Each structure stands twice: as structure tokens, then as C-alpha cells.
Amino acid sequence: MKQESVMIEMNENLQGHVFSARVPVGAVELESGEVLSDVVVYVEWVGDLLRHREQAILLCHALTGDAHAFDTAEKPGWWGPLIGAGRALDTESHVVLCMNVLGGCSGTTGPLSICETTGQSYAGQFPEITIRDMVRVQHLALRSLGVTRLYAVLGGSMGGMQALEWACSFPSFVKHVIVLAALPVFSAIGIGYNAVMRQAIERDPAFQQGDYARYGVFPKDGLTVARMLGMITYRTAQLFEERCGRSISEQGTFEIERYLVYHGEKLVRRFDANSYLRLLSAMDGHHLGRNRGTLADAFGRITARVTMVGIENDLLYPPDSIKQAVCAAREAGVDAVYQEISSPYGHDAFLLEFDQLDAIFRDALAHAVPKNSIAR
Ligand SMILES: CC(=O)SCCNC(=O)CCNC(=O)[C@H](O)C(C)(C)COP(=O)(O)OP(=O)(O)OC[C@H]1O[C@@H](n2cnc3c(N)ncnc32)[C@H](O)[C@@H]1OP(=O)(O)O
Ligand SMILES: N[C@@H](CCO)C(=O)O
């Protein structure tokens, strides 16, 4: 492993400062057995890292999210209103951190990174990764930053999968887990939607088996269509009816089509297609029980208090499925509770319903650590 120091940068934000760093964590053996050399993790945080290293809060982002959860003068963060002094994620008593996931395209090692052996970007050669790999890399980065305990791990959707994996992979490291719009095992319908998104990208002639950059092209049509489908699943029929109905846009298309194309093309400007594919595969493979015996055995490892949050009309993670997961976790001895967000948005409510999120976070994090929460 090359020895690199951690360079910390500082940005102004309304609540204090947002710090950022690229943290080298060395070579990482993935669940698949492949080894990624010189992995680097991009991290942002707010709060006093030294003082609160035993009281840290980790936020895990969703599929196309990134480490920028905190508001700065340049850019709002995806959970900005929830983080700050006296807010639900209180930076007076905690340091709040967020990292770009392994395999993503916003600073942490992923398909755009340079492969040491070829001297070129990994592109389509980047290995398949798992949610568990993402979490292990986050753990290494936290240890490098001196964090010794997480007061809480929170995340929605793919971030929720990571939060659950944290509880299982590092039980003695985590006190509270808040999982929004996610399940212990990714569903068939979720895998199905991901399959359509994957095919849209891979069938784009510009995809070139993932080597599009070498040919100076990009599978923008494929990624646009993938995002259009994704956006349908992140909202509700009722919302589209109210917002678009059967209105016709200036371009002569239905307004709903214009809206979806807008979001598809917007993603193309900020996301890499190979990253998108690796993250879809990681979600597809998400199964808390993999190589841990039964799902109940996996739950049995958890010592954190787990709050699982369902969202009304979430097409991807129906509240009933999340309630069932909570029951199964309780039967396995987990101190698990269920909360629900009521929203016209559907799945994306975990990025939008700040008042309800605020109340849920305050309630969940106010609870003392359960007595059986001893290190194992
Ligand atoms: C956990 C994570 O890390 S995820 C990271 C954050 N999430 C994302 O970035 C995902 C992409 N974005 C989104 O899903 C949404 O924009 C959210 C959840 C962030 C916000 O949702 P909403 O406030 O409901 O936004 P909405 O769906 O109306 O989209 C707003 C955009 O669509 C545009 N828009 C709205 N209606 C139309 C229409 N009929 N035709 C074309 N464009 C439209 C708006 O101009 C706006 O554009 P902008 O984002 O460039 O400013
Ligand atoms: N809209 C969010 C949620 C996906 O689950 C994203 O793009 O990351």
C-alpha cells in the first residue's frame, strides 16, 4: 500500500464548516475474492471529529447520491435541513460523516479511477462489488480518520441496505441504525426494474462493453432511459396525475415524458454508466443472510437498536414488506421498531419529507442503547 497522508479541506456552511478528505485505505479484497489496490474514499463531515470520534453518525447515500449530504454555500446537501447544531442530526454532540460509495463516480474508487496495473481507468473492467464491500471500505476509512464508534448509521434505499449491513458486519461498532425505504433482502420486483435499466444501458450501441470512453462516446440514451424508469419507481401514480396529468408540453410530447426525459438527461450530465451498472448489481445482490446461515442468524448478530421506516405508496419497498422485516428481526431478538412516512411522493420521500424525517430521527436517536447491546 502506498502511504499517503489524509489532506483535509474545509468549506464554509451556514451551520459551521464542512470538512472533506480523500482517505486512502490501501488494498481491499472484495467479497468476490478480487483485490482492488489503493482504494481511496471521499468523505465529507460536519462537527468535531476528534471530540466526537466515539459518537459519530454515518450517513449512507442512495443510488445516485453522493457524500454531499450537508448544505454549503455552493450546493444544498441531500439531508441539509436535518444536520446542524440542535437539529435532528446534532453536530454539537456528534460528528456527522458521509462518504461516496465504492464503485460510485464522485471521488471514491470506482470505474473512473485509474487501475494501477494498466495505467488506464478501470471502466468496464471494474470488478463487481457488493453492499458489504461498500460497508467494509467505509469502516476502513472511519478507522483511518480515528472514528472508534458510531452512535448511528442512517440511510435510505441503497443507503438503507448499507445501514443494515453495518449493523450485521460490525455489531460492536454501531449503537443505532435507521433504515429508510429498504429491506434486508432486495426484492424480485427491484431486481426486475434494475434488469430493465441495465439492458437499456448495455444495449446502447455506444456502451461498447463498458469501454465507451476509449471510443470517445457515452451511452447517454441508455442511461437516460434507465433514469426515466428509475424516476417512475421513485414517485407515485397520484403525484404524476396531479403534476402532469395528460398535459401536452411545448415540445408536443406528454408533460410526463418531458419530465422523465429531463431527469434522464440531467443524470447523464452527472453520473457514469459503468458506476450505475455496478451499483445496480450491488443492490441486486443485497441479502443480509448471504454466507451467514439463515436471515434469522444474520439478524442474530445485530446488537444495535434498529428503526425501519416504510413510506406510504413506495413501489419498491412496500410498507407491509418492511413491517414483516421488523417482525422477523424482533423474533430474532433485535430491538427493532417500525415507523412510517406519509407522503404523496412515494419512495423519494426519504429525500423530501424533512419534517417527518426530523421527528423520526429525534425519536429513534433519543433511545438509550438496549441492555443486550454488548460487543460480540
Ligand atoms: C440519498 C441520496 O443521496 S439521493 C441524492 C439526491 N437525489 C437525487 O439527486 C436524485 C434526483 N433528484 C430527485 O430525485 C429529485 O429532484 C429530488 C428528490 C432531489 C427532489 O424532488 P422534487 O422537489 O419533487 O423535484 P422534481 O421531481 O419536481 O424535479 C425537479 C426538477 O425537475 C424539473 N421539472 C419539473 N417538472 C418538469 C417538467 N414537467 N418537465 C421538465 N422538467 C421538469 C424542475 O425544473 C427541476 O429541475 P432542477 O432539478 O434542474 O432544478
Ligand atoms: N432518487 C434517489 C433514490 C433512489 O433509490 C437516487 O437517485 O439516489
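Every chain is numbered on its own, with residues counted from 1 as its sequence reads. Each chain gets a letter, beginning with A, and each ligand a number, beginning with 1, in the order they are written. Local features in this predicted model are restricted to residues whose pLDDT is 70 or higher, and side-chain atom pairs enter the listing and the counts only when it is 80 or higher, whereas totals over whole chains, interfaces and linings include all residues. Values reported for side chains reflect all heavy atoms of the structure, with hydrogen atoms and water molecules removed beforehand.

- In the annotation of an unreviewed UniProt entry, the entry for the chain reads Homoserine O-acetyltransferase, and the organism field reads Ferroacidibacillus organovorans.
- UniProt positions are given in the numbering used here, feature names are shortened, and annotations may be inferred rather than shown by experiment. According to the UniProt record, the Pathway (unreviewed entry) comment for the chain is "Amino-acid biosynthesis; L-methionine biosynthesis via de novo pathway; O-acetyl-L-homoserine from L-homoserine: step 1/1."
- Recorded under Function (unreviewed entry), the UniProt text for the chain is reproduced unchanged: "Transfers an acetyl group from acetyl-CoA to L-homoserine, forming acetyl-L-homoserine."

### With respect to the site of ligand 1
Thinking step 1. Being near a molecule or strand, for a residue, means having at least one of its heavy atoms within 4 Å of it. Around ligand 1, a shell composed of 22 residues is seen, among which Arg243, Glu255, Tyr259, Tyr262 and Lys266 lie nearest.
Thinking step 2. N or O atoms closer than or at 3.5 Å make up a polar contact, with two conditions inside protein: a donor-capable atom paired with an acceptor-capable one, and, for residues adjacent in sequence, both atoms drawn from side chains. In this structure, tyrosine 259 approaches ligand 1 through a side-chain N or O atom, which is 2.4 Å from an oxygen atom.
Thinking step 3. Within the side chain of arginine 270, an N or O atom sits 3.1 Å from an oxygen atom of ligand 1.
Thinking step 4. Surface burial for ligand 1 is 68%, taken as the share of its 990 Å² of free accessible area covered by protein chains.
Thinking step 5. Of all elements in the fold, only α4 (220–234) and α6 (255–268) reach the threshold of two or more residues within the shell around ligand 1.
Thinking step 6. If one sorts the elements of the shell around ligand 1 by residue count, α6 sits on top with six residues.
Thinking step 7. A per-class count over the shell around ligand 1 returns nine nonpolar, four polar and nine charged.
Thinking step 8. Here the shell around ligand 1 spans two domains, since at least three of its residues come from each of domain 1 (8–183 + 287–366) and domain 2 (189–284). All accessible-area figures derive from a Shrake-Rupley calculation using a 1.4 Å probe, and residue coverage is judged against the displayed protein chains alone. Numbered from the N terminus, helices here are DSSP runs of H or I no shorter than four residues, and strands are runs of E no shorter than two. Gly is put with the polar residues, along with every residue not named as nonpolar or charged; the nonpolar set is Ala, Val, Leu, Ile, Met, Phe, Trp, Tyr, Cys and Pro, and the charged set is Asp, Glu, Lys and Arg. Where each domain starts and ends comes from a domain assignment, either automatic or drawn from a database.

### Some words on the confidence of the model for the chain
Thinking step 1. Looking at the chain as a whole, the pLDDT averages 94, with 94% of positions reaching at least 70.
Thinking step 2. Confidence scores labelled pLDDT are given residue by residue by the predictor and lie between 0 and 100. By definition, residues are in contact when any of their heavy atoms lie within 4.5 Å. The low-confidence segment residues 369–376, where pLDDT is below 50, has 14 contacts with residues more than four positions distant or belonging to other chains.

### Comments concerning empty space enclosed by the protein
Thinking step 1. Grid points spaced at 1 Å over the protein atoms alone were grouped into cavities, where a 1.4 Å probe fits but cannot get out, and pockets, open sets with protein on both sides within 12 Å along at least five of seven lines, with lining residues defined by an atom within 4 Å of a point. Grid points are joined across faces, edges and corners, and a volume is the space filled by probe spheres set on the points. Under the defined criterion, the tally for this structure stands at one cavity of 30 Å³ or more.
Thinking step 2. Of the volumes computed, that of the largest cavity is approximately 30 Å³.
Thinking step 3. Residue lining of the largest cavity: His61, Gly65, Asp66, Asn100, Val101, Gly104, Cys105, Ser106, Phe271 and Leu279, and that is the complete set.
Thinking step 4. Of the residues belonging to the lining of the largest cavity, the class tally is four nonpolar, five polar and one charged.

### Considerations on the UniProt feature "active site" (unreviewed entry) in the chain
Thinking step 1. When the UniProt feature table is mapped onto this chain numbering, "active site" (unreviewed entry) sits at Ser157, Asp314 and His347. Taking the farthest pair of C-alpha atoms as the criterion, the annotated set spanning 191 residues converges on one region, since that pair is 10.7 Å apart. Of the annotated positions named here, the largest pocket is lined by Ser157 and His347.
Thinking step 2. If near-sequence neighbours (up to four positions away) are discounted, serine 157 is found in contact with Ala62, Leu180, Ala181, Ala182, Tyr317, His347 and Phe350.
Thinking step 3. Of note, histidine 347 is situated in the loop between β11 (336–341) and α10 (354–366).
Thinking step 4. Not counting residues up to four positions away in its chain, the partners in contact with histidine 347 are Ser157, Ala181, Thr233, Tyr234, Ile311, Asp314, Leu316 and Tyr317.

### Overview of α10
Thinking step 1. Helix length check: α10, at 13 residues, gives a terminal C-alpha distance of 18 Å against a target of 18 Å (1.5 Å per residue), a fit within 8%.
Thinking step 2. For α10, the full list of buried residues reads Leu357, Ile360, Phe361, Ala364 and Leu365. Angularly, the buried residues of α10 cover 115° about the axis, an arc narrow enough to put them on a single face. Counted as exposed and oriented over 90 degrees from the buried face of α10: Asp355 and Ala366.
Thinking step 3. Where α10 is buried, its residues touch β4 (56–60), β6 (89–90), β8 (150–156), β9 (174–180), β10 (305–311) and β11. For a helix, the expected span equals 1.5 Å multiplied by the residue count minus one. When a residue's accessible area, from a 1.4 Å probe over protein chains only, is under 20% of the maximum for its type it is buried; when over 50% it is exposed; and in between it is partly exposed. For this quantity, the arc is that covered by the directions from the helix axis to the C-beta atoms.

### A look at α6
Thinking step 1. Taking 1.5 Å of rise per residue, 14 residues should cover 20 Å, and α6 covers 20 Å from first to last C-alpha, within 8% of that figure.
Thinking step 2. Those residues of α6 lying buried are Glu255, Tyr259, Leu260, Gly264, Leu267 and Val268.

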